[in-house]
Amino acid sequence: MKGVFKLTSTTKVLEFKNPSLQGAITVPGDKSISHRAVMFGAIAKGQTTVSGFLLGEDCLSTIDCFRKLGVNIKVDGTNVTVTSDGIDEWQEPKEVLYTGNSGTTTRLMLGILSGTSLHTIMTGDASIGKRPMRRVVDPLRQMGAKIAGRDNGQFTPLAIQGTKLQAIDYSMPVASAQVKSAVLLAGLRAEGTTIVREKEISRDHTERMLRQFGAEITVDDGVISFKGGQQLLGTHVNVPGDISSAAFFLVAGSIVPNSEIVMTNVGVNPTRAGIIEVLEQMGANMSVKFEDEQSAEPTATVTIQTSELNGTTIEGDIIPRLIDEIPIIALLATQANGTTVIRDAEELKVKETDRITAVVTELKKLGADIEATEDGMIINGPTKLNGARLKSYGDHRIGMMAAVASLICETPIELDDAECIAVSYPTFFEHLNDLLVK
Ligand code: S3P
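Bear in mind the structure is a predicted one, so any value in this text is a computation, not a measurement. (Residues numbered from 1 in each chain as written. Predicted model: local features only at pLDDT ≥ 70, side-chain atom pairs only at ≥ 80, totals over all residues. Heavy atoms only, no water.)

Engineer: What should I look at first to understand the pairing of strand β16 (residues 223–227) in this one?
Structural biologist: Along any regular strand, the residues point their side chains to alternate faces of the sheet. What you see with β16 is a clean split: Ile224 and Phe226 sit on the buried side and Val223, Ser225 and Lys227 on the side with no burial. Two strands pair when backbone bridges link them, and strand β14 (residues 193–197) and β16 are joined in this way by 5 bridges, in the antiparallel orientation. Bridge pairing in β16 places Arg197 opposite Val223. Across 4 bridges, strand β15 (residues 217–220) lies against β16 in antiparallel orientation. The partner of Thr218 across the bridge, within β16, is Ser225. Counting the residues that bridge the hairpin from β15 to β16 gives 2 residues, and of these Asp221 lies at a positive phi of roughly 50 degrees. (Buried < 20%, exposed > 50% of the residue type's maximum accessible area, 1.4 Å probe, protein only. Helix = DSSP H or I, 4+ residues; strand = E, 2+ residues; numbered from the N terminus. Pairing = 2+ DSSP bridges.)

As C-alpha cells, this is what we get:
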C-alpha cells in the first residue's frame, strides 16, 4: 500500500509516495437531501422510506432530534424508515434537542418548530454556538414565531414556544437555502400564502421535496409561492450521491498524476453543480453522463482524469451553486496555470468555521501563493506544495481539503482533528484507500 494513514487521538499523518488514483467509487448520500428526507418524513402523515441516506454525524443529529419529538425512525444501513402521524402528534421533548455541528438541522428545525404547539430548546456544538441565527429568527419572528436566545436570538441555545404563524412575503437578504427552507417550512403551518423572493438562486431541494410529498408550490423566476395548511404525505425518497463529497475526488483526480476516477450516482441538481462548470472552464478532462434526469433529483456518472488546468474567475450567481466546494476549489487553483479569483463569497465567513481565513492560512503553510480578500481569495499557480502540520478547525471540508493536498505534497501533512470529516463523509479515507494504486 502506498498511502499511510496513522491516526493518533488528535492527529492524522498523511504520507504518500508518488500516488495515483484509479477506479470507481459511489460517494455517500447527499447531506442536504438526507436531512430534508427525515424532516419531511416526520412532518408527513404515514410512512416515508429513504434509500441512500447519509450516515454522517450531521444527519444522525437530525434523526436524534426527531426521535426526541416522538417520531419513529428506523435505520437499517443507508435505508431509513420514518413513521409519523403528522406534526400535530409530536411530543413535547423532555430533553434539549442537540443539533451537533449541523447548521441545516438547527436552522430548518427553527422553521419547523415555530409553528407547532410545543416548547423546545435547541443547542449544538461550539461551532454552532458561533453561527448567526438571526437570519432565520428575524423572518420567523415576522411570521409571529416566539423564539428566545442569546444575543436576542442570534446564537444557540434557542428556546422556541410554538405558536400560530402568519404567512409573509420575504425578500432574501442573503443567498441561503437554509433561510429559504426555514421560512418555507414555517409557511407550511402558517395562515395564508408564503412568498420567498431570491435574487440569487440557492439550492432548491426543499422546493423539490415539498412537491414529492404532495404539496403544491410554484417557482417562477426566483419567486416561490406556497399556501399554508397543506398536509404532506409519506413517500419514498431516493437520495443521490453528494456532489459536495464528490468534489474532493473530482479535484484529487485532476491534480494527482496518472489518475482516473469514475463516480456513479452523483447528484447534479443545477443549483448545486457549480463545480462542474468551474472544472469545465478550467479545462479539466472530465465527462458527465446523465443517468436519471426525470427523478426529483437528477444524477450522473462523472469521470475525471489528471488535467492541465488554467486559472479562472469565480463570482456572482455561481457562488451559491458551489459555496461548499470553495475550499477544495482553492486547492485546485494552486495547481492551475495563472490566477484564480474568487469573489462575492463572504458567506464563507459564517460556515462551520471562517473558511476564507482557514483555507488561506492552511494552504499558505503548504507554500501556496494565496491571499485573502474581503469576499474571497486570489490564488496564483501552479505552485509545488510541501507538507506541514495543518488544522481542520473542526471543519469537515477543511479536513478533506488537507487530506487531498497531502496527495501532492512531497513530505507528510499532519492533520489535527481529522475526525471531523465524519460530519459529512465518514467513509472518506476508505474511498481514498480504494482508489490509491497499490
Ligand atoms: C445547506 C445550505 C447551505 C450550505 C450547507 C447546506 C442546506 O448553507 O452551505 O452546507 O442544506 O440548505 P446556507 O443556507 O447557509 O448557504
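Engineer: Looking at this model, I keep getting lost on the packing of helix α1 (residues 31–43) against helix α2 (residues 57–68). Mind explaining?
Structural biologist: Packed helices, taken two at a time, are described by their axes: the angle between them and the distance between them. One way to put it is that α1 packs onto α2 with a least axis distance of 9 Å and a crossing angle of 10 degrees. As far as their axial angle goes, α2 and α1 are roughly parallel. The segment α1 lies against α2, with Lys31, Ser34, His35, Val38, Met39 and Ala42 engaging Asp58, Cys59, Thr62, Ile63 and Phe66. Class assignment of the residues belonging to the contact of α1 with α2 gives a composition of 6 nonpolar, 3 polar and 2 charged. (Axes fitted to C-alpha atoms, helices over the stretch in contact; angles between N-to-C directions. Parallel < 35°, antiparallel > 145°, perpendicular 65-115°, else oblique. Contact = heavy atoms within 4.5 Å. Nonpolar A, V, L, I, M, F, W, Y, C, P; charged D, E, K, R; others polar.)

Engineer: Is there a simple way to think about a nonpolar patch on the surface in this case?
Structural biologist: Taken together, Leu55, Leu60 and Val75 make up a surface patch of nonpolar side chains, about 210 Å² in accessible area. Along the chain, the position of Leu55 falls in the loop between β4 (45–51) and α2. (Patch = residues over 30% accessible without salt bridge, like charges linked within 9 Å, V, L, I, M, F, W, Y side chains within 5 Å. Areas by Shrake-Rupley, 256 points an atom, 1.4 Å probe, with all protein chains shown as cover. Salt bridge = Lys/Arg side-chain N within 4 Å of Asp/Glu carboxyl O.)

Engineer: Any chance you could explain the site of the ligand here in plain terms?
Structural biologist: Inspection of the region around the ligand gives Ser32, Arg36, Thr104, Arg107, Ala175, Ser176, Ala177, Gln178, Arg203, Ile323, Asp324 and Lys351 as its neighbouring residues. Thr104 is positioned with one of its side-chain polar atoms (N or O) 3.4 Å from an oxygen atom of the ligand. Surface burial for the ligand is 95%, taken as the share of its 390 Å² of free accessible area covered by protein chains. Elements represented by at least two residues in the shell around the ligand include exactly α1, α3 (103–114) and α6 (177–187). (Near = heavy atom within 4 Å. Polar contact = N/O pair within 3.5 Å; in protein donor to acceptor, adjacent residues only side chain to side chain.)

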